[in-house]
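# Report on the structure
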Amino acid sequence: MSAALQVTLRVWRQAGPDAPGRLVDYRAEDVSPDMSLLELLDVVNEGLTARGEDPIAFDSDCREGICGSCGIVVDGVAHGPKAATTTCQLFLRNFRDGATITLEPWRARAFPLVKDLVVDRSAFDRIIAAGGYVSVDTGSAPEANLIPVAKDVAERAMDAAACIGCGACVAACKNASAVLFVGAKVAHLALLPQGSPERERRVLAMVEHMDQEGFGACSNEGECEAVCPKEISVGHIQRLHREYARALLRRA
């Protein structure tokens, strides 16, 4: 059985978007190294609630690394020090005994803070909505092989579709750019024949709405790929640029 750990959580506390914020320390003793960081927050919150204090607000849902809800900057890195890992799958065994772990929210103008570690990431939802629909025939399920798709194309589309929209790419980028997210969403449909009918309209609308939401421009430094829990490649950014240029030319 692994030895218990003692850690200090240094957590950003802010009652609301217009309230002042500060880092507050919470000592946690005799915690299991097999406990996830979010489970430790649960334990700390149980203690705060028992003492009549305001618990730490943070986002979570599936806690299996697939929903994209648990966005926290851990020790200055979006989702923490372990590569290809969401915050909910970051375990205390990745930290040394006696460590001080600093937790902060995503910081981007397009992700306004709600409370403590919670930010409003609905800008991503609005970008997706701006992309519109995909034309498909209604009725019974089509034959699986009705529209042949080459294996390498299907794999690239699936790699792009793996994006869970957590926002780590925005949090890591010094410009708070969302082009990796938008690139992945554009690429996985542009690669497939089912996404072809609205191909040009989709990319123009999504890029325009991304700019309206206040995300910054890409300066090709790769921090987004480095922190992405699903290892989305920056190659999708280049595809986004090509799709955008193609759409502009076809519209002209």
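Just so you know, these numbers come straight off a predicted model, no measurement behind them. (Residues numbered from 1 in each chain as written. Predicted model: local features only at pLDDT ≥ 70, side-chain atom pairs only at ≥ 80, totals over all residues. Heavy atoms only, no water.)

## Topic: the pairing of strand E1 (residues 5-14)
E1 sits mainly inside the fold: nine of its 10 residues count as buried. Note: E1 against strand E2 (residues 21-31), nine bridges, orientation antiparallel. Pairing of Gln14 across the sheet is with Gly21, part of E2. Between E1 and E2, which follow one another and run antiparallel, lie six residues. (Buried < 20%, exposed > 50% of the residue type's maximum accessible area, 1.4 Å probe, protein only. Helix = DSSP H or I, 4+ residues; strand = E, 2+ residues; numbered from the N terminus. Pairing = 2+ DSSP bridges.)

## Looking at the side chain of Glu243
By secondary structure assignment, the location of Glu243 is in helix H8 (residues 235-251). Note on Glu243: relative accessible area 5%, which makes it buried. If near-sequence neighbours (up to four positions away) are discounted, Glu243 is found in contact with Val186, Ala190, Arg199 and Val203. (Contact = heavy atoms within 4.5 Å.)

## Description of the nonpolar core
Of all hydrophobic cores here, the largest spans 37 residues; its most connected members are Phe111, Phe124, Ile127, Val170, Val182, Met210 and Phe215. Those elements that provide at least two residues to this core are helix H2 (122-131), helix H4 (168-172), helix H5 (179-190), helix H6 (199-212), helix H7 (223-227) and H8. If you tally residues by element for this core, the top one is H5, at six residues. With sequence-adjacent residues up to four places away left out, Met210 is seen in contact with Ile127, Ala178, Val179, Val182 and Phe215. The next biggest cluster of nonpolar side chains, apart from the first, holds 30 residues, and it includes Ala28, Ile56, Cys88 and Leu92. (Core = buried A, V, L, I, M, F, W, Y, C linked by side-chain atoms within 4.5 Å.)

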